[in-house]
Amino acid sequence: MDAVSMMKGFSGSSLLGVMPAFFFLGLCVLSGAPQPVAHWPLQDGGSTVGDLSPNGLNGTCKGTEWTTGGEALEFLPPESGVIVRTKSPAPLDCPSAFTITAWIRPASLSGYRMLVSNGRPDSAASGYNFYLRGSALGLILHTERMDRYEEEVPANLAAGRWTHVAVSYEAGGKTVFYADGQEIGEAPAVGRIRYRAGQSHPSVPFALGRVASHGDWFYEGLMREVKIFGSALSAAEVTFEYA
């Protein structure tokens, strides 16, 4: 039985209301539930954001502010973002599979707004980019089989409203989009993600709220609990992240 099923088994028990949160965290770890390669709660305060994963991929804030009480990070116009620099391509380069999850409350839905960006989107393209455009969610990849792979799905996003968003990709399978724990669309995958020598970390940073390799597609609004997994989570696992 996986961690999600075990959690559902507790749902009718009075124990759920009294057991501390760390019990459930331990339950996930012991049951083999996927652990993120990066986890930014975005509740730090100050000029940096901490990564709770063992990889310690902390980021630097630019043009952002913390909400009252530090419950989320606000990305402000005209230009803002979080830059994460690593000493090696791993673990944020995920050539075979990944999942990105986040809570967002956009202030603007006009144009392209980047949520998570890794690699380059130009003529020397590589990596992955998770974005919103209007009320839709989108993913741009550059793979070994296709120079540019782009998929979008309607997500019923709304300015000023919190939504849990997620996308998973598996090179030999499919891309799946989620909103508030529910699958909202999928498309066939197109192979392993391309990374070219000298074009990944640290020369090209990883970013939240903007294109990683240069300033563009700036997100405006609140964001918290951003996680990157090095595998394609199942629908039940994404629902668990949302809950």
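Details of the structure are given in the entry above.
Residues numbered from 1 in each chain as written. Predicted model: local features only at pLDDT ≥ 70, side-chain atom pairs only at ≥ 80, totals over all residues. Heavy atoms only, no water.

> Break down the overall build of the protein chain for me, with residues and values.
Scanning the protein chain from terminus to terminus reveals three helices and 16 strands. Looking at the protein chain as a whole, 50% of its 243 residues qualify as buried. A separation threshold of at least 6 residues defines the contact pool for the protein chain, and within that pool the share at least 24 residues apart is 61%. When the accessible surface of the protein chain is split by element, carbon and sulfur atoms take 53% of a total near 10700 Å². (Helix = DSSP H or I, 4+ residues; strand = E, 2+ residues; numbered from the N terminus. Buried < 20%, exposed > 50% of the residue type's maximum accessible area, 1.4 Å probe, protein only. Contact = heavy atoms within 4.5 Å. Areas by Shrake-Rupley, 256 points an atom, 1.4 Å probe, with all protein chains shown as cover.)

> Could you give me a rundown of the environment of H164, with the residues and numbers involved?
Examined against the element boundaries, H164 turns out to sit in strand 12 (residues 163-170). Not counting chain neighbours up to four residues away, the residues in contact with H164 comprise T101, A102, W103, Y178, A179, D180, G181, V238, E241 and Y242.

> For the side chain of T101, give the residues involved together with the corresponding values.
Within the fold, T101 resides in strand 7 (residues 97-106). According to the relative accessible area criterion, T101 is buried, its value standing at 1%. Look past the residues within four positions of T101 in its chain and what remains in contact with it is H164, V165, A166, E225, V226, K227, F229 and E241.

> I'd like a rundown of the pairing of strand 16 (residues 221-229), residues and numbers included.
Counting buried residues along strand 16, seven of its nine residues qualify, which places the element largely inside the surrounding structure. As paired elements, strand 1 (residues 38-40) and strand 16 share three bridges and run antiparallel to each other. In the sheet register, A38 faces strand 16, and the bridge partner there is I228. In terms of strand pairing, strand 5 (residues 73-75) meets strand 16 through three bridges, oriented antiparallel. (Pairing = 2+ DSSP bridges.)

> Tell me what's going on with the pattern of salt bridges, and back it up with residues and numbers.
Pairing is possible between side chains that carry opposite charge, provided their charged atoms lie close to one another. Counted by the stated rule, this structure contains five salt bridges. Salt-bridge contacts for E152 lead to R133; the nearest nitrogen and oxygen are separated by 2.8 Å. A residue pair is termed long-range when its members are at least 10 positions apart, and E152 in strand 11 (residues 149-154) and R133 in strand 9 (residues 126-133) qualify at 19 residues. Between K227 and E241 there is a salt bridge, and its shortest N-O distance comes to 2.8 Å. Taken as a pair, K227 in strand 16 and E241 in helix 3 (residues 235-242) lie far apart in primary sequence, 14 residues in all. (Salt bridge = Lys/Arg side-chain N within 4 Å of Asp/Glu carboxyl O.)

> I'd love a proper account of the packing of aromatic side chains, names of residues and values included.
Taken as a whole and judged by the stated rule, the model has ten aromatic pairs. With a centroid separation of 5.3 Å and 50 degrees between ring planes, the pair formed by Y112 and Y131 is classed as tilted. With Y112 in strand 8 (residues 112-120) and Y131 in strand 9, the pair connects residues that are 19 residues apart, well separated along the chain. Given a relative accessible area of 0%, Y131 falls into the buried group. When the ring of Y112 is compared with that of W217, the centres are 4.3 Å apart and the planes differ by 20 degrees; the resulting orientation is stacked. You can see Y112 sitting in strand 8 and its partner W217 sitting in the loop between strand 15 (206-208) and strand 16, a full 105 residues away along the chain. (Phe/Tyr/Trp six-rings, centres within 6.5 Å; stacked < 30°, edge-to-face > 60°.)

Just geometry here; none of it tells us what the structure is for.
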